[in-house]
Amino acid sequence: MGRVIDTPAGEARVTWHDGGPKARAVLALGHGAGGGIEARDLVALAAALPALGVTVALVEQPWRVAGKKVAPAPKTLDVGWRALWPVLAEPGLPVIAGGRSAGARVACRTAVELGAVAVLALSFPLHPPGRPEKSRAAELLGAGVPTLVVQGGRDPFGPPEEFPAGTEIVAVPYADHGFAVPKKADLTQEDALSVITDGVGDWLSRLGHTSVRTRARERRE
């Protein structure tokens with residue numbers, strides 16, 4: 001069971017995976033527009049990162065908590081995310097904003113405003129499938145903080161090679177938008193998830209020597 005938080009968009013829910021007494025940051029992860037926090041990448045990160053000293057907060061948007069099938073407009077998603085941010089900051093640690101697909105877009109749009117130290121964008125929907133001219137690159141590039149993209153090699157919303165030059169990216173070979181890999185692929189589903197958790201863990205470790213450590217010092221002072 002998670003903690004239910006009232007927001008102007010309805011009740012949201014945060015499920016904590018504690019990084020322990022030596023946790024150095026909180027990673028807040030929102031879900032996509034077509035599913036919840038049971039997504040394989042979110043589950044894998046919530047299982048792996050606490051051992052690295054990162055508390056993971058899985059965030060369920062109000063529409064999902066209410067049992068609705070379809071996500072609301074981006075503006076409404078942002079409203080819910082903003083309202084629960086104080087809860088994410090309660091541990092007194094630097095907060096990294098993140099999410100998958102629509103959740104990644106929310107994190108990018110609100111990062112600077114809310115004081116996130118970084119953004120983790122899982123399966124960022126760079127464009128609608130088959131519509132590369134409808135690029136959302138500006139949204140990603142406008143995050144304003146260090147950003148890591150984790151993208152499947154077969155993602156119809158934009159494979160790794162379509163992202164703007166200079167994007168820090170972890171490519172997951174053969175994976176689709178949900179990071180599922182075909183049975184005939186040269187790596188297993190478990191291997192694909194390890195690419196995600198290892199890549200994110202390495203990035204967070206490097207952040208620990210830059211943005212995260214700086215923000216922690218600012219809070220103490």
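Look above for the structure.
To start, this report covers the structure provided alongside it. (Residues numbered from 1 in each chain as written. Predicted model: local features only at pLDDT ≥ 70, side-chain atom pairs only at ≥ 80, totals over all residues. Heavy atoms only, no water.)

A word on helix α4 (residues 102-114). Counted at 1.5 Å a residue, the expected span for α4 with its 13 residues is 18 Å, and the 18 Å between its end C-alpha atoms agrees. Approximately 30° is the largest bend angle found in α4, and it occurs at Cys-108. (Helix = DSSP H or I, 4+ residues; strand = E, 2+ residues; numbered from the N terminus. Expected span 1.5 Å × (residues − 1). Bend = angle between axes of the 7 residues up to and from the residue.)

In this section: the packing of helix α1 (residues 40-48) against helix α6 (residues 189-207). Interhelical geometry of α1 versus α6 gives an angle of 55° and a closest axis separation of 10 Å. One element, α1, and the other, α6, form an angle in the oblique class. Regarding α1 and α6, the two cross each other, and that crossing is right-handed. Contacts from Arg-40, Asp-41, Ala-44, Leu-45 and Ala-48 in α1 reach Gln-189, Leu-193, Ile-196, Thr-197 and Val-200 in α6. In terms of residue class, the contact of α1 with α6 is built from six nonpolar, two polar and two charged. (Axes fitted to C-alpha atoms, helices over the stretch in contact; angles between N-to-C directions. Parallel < 35°, antiparallel > 145°, perpendicular 65-115°, else oblique. Left-handed = near helix turned anticlockwise from the far one by under 90°. Contact = heavy atoms within 4.5 Å. Nonpolar A, V, L, I, M, F, W, Y, C, P; charged D, E, K, R; others polar.)

The next thing to look at is the environment of Leu-187. Tracing the chain through its elements places Leu-187 in the loop between β8 (168-172) and α6. Here the alpha-carbon distance between Leu-187 and Tyr-174, two residues 13 residues apart in the chain, equals 8.2 Å. Once you skip the residues sitting within four places of it in the chain, Leu-187 turns out to touch Pro-173, Tyr-174, Val-181, Ala-192 and Val-195.

This paragraph deals with the pairing of strand β5 (residues 95-100). With six of six residues buried, β5 lies mostly within the body of the structure. Here β5 shows two buried faces, one formed by Val-95, Ala-97 and Gly-99 and the other by Ile-96, Gly-98 and Arg-100. With five bridges joining them, strand β3 (residues 25-30) and β5 adopt parallel strand pairing. Bridge assignment links Leu-27 to a residue of β5, and that residue is Ile-96. Pairing between β5 and strand β6 (residues 118-122): five bridges, direction parallel. (Buried < 20%, exposed > 50% of the residue type's maximum accessible area, 1.4 Å probe, protein only. Pairing = 2+ DSSP bridges.)

Here we come to empty space enclosed by the protein. Over the atoms a probe the size of a water molecule is rolled, and this reveals where empty space is left. Scanning the model with the defined rule gives one cavity of 30 Å³ or more in all. Here the lining of the largest cavity takes three residues from α4, the largest share from any one element. Here the lining of the largest cavity is composed, by residue class, of seven nonpolar, five polar and no charged. (1 Å grid on protein atoms, 1.4 Å probe; cavity = no way out; pocket = protein on both sides within 12 Å on 5 of 7 lines; lining within 4 Å. Points joined across faces, edges and corners; volume = space filled by probe spheres on them.)

Take the layout of surface pockets next. In this structure, the largest pocket encloses a volume near 190 Å³. Around the largest pocket, the lining is made up of 13 residues, and of these Ala-33, Ser-101, Ala-102, Arg-105 and Pro-125 lie nearest the centre. Counting only elements with at least two residues in the lining of the largest pocket, the list comes to α3 (74-89) and α4. Counting residues per element, the lining of the largest pocket draws most heavily on α4, which supplies three residues. Its residues placed into classes, the lining of the largest pocket shows eight nonpolar, two polar and three charged.

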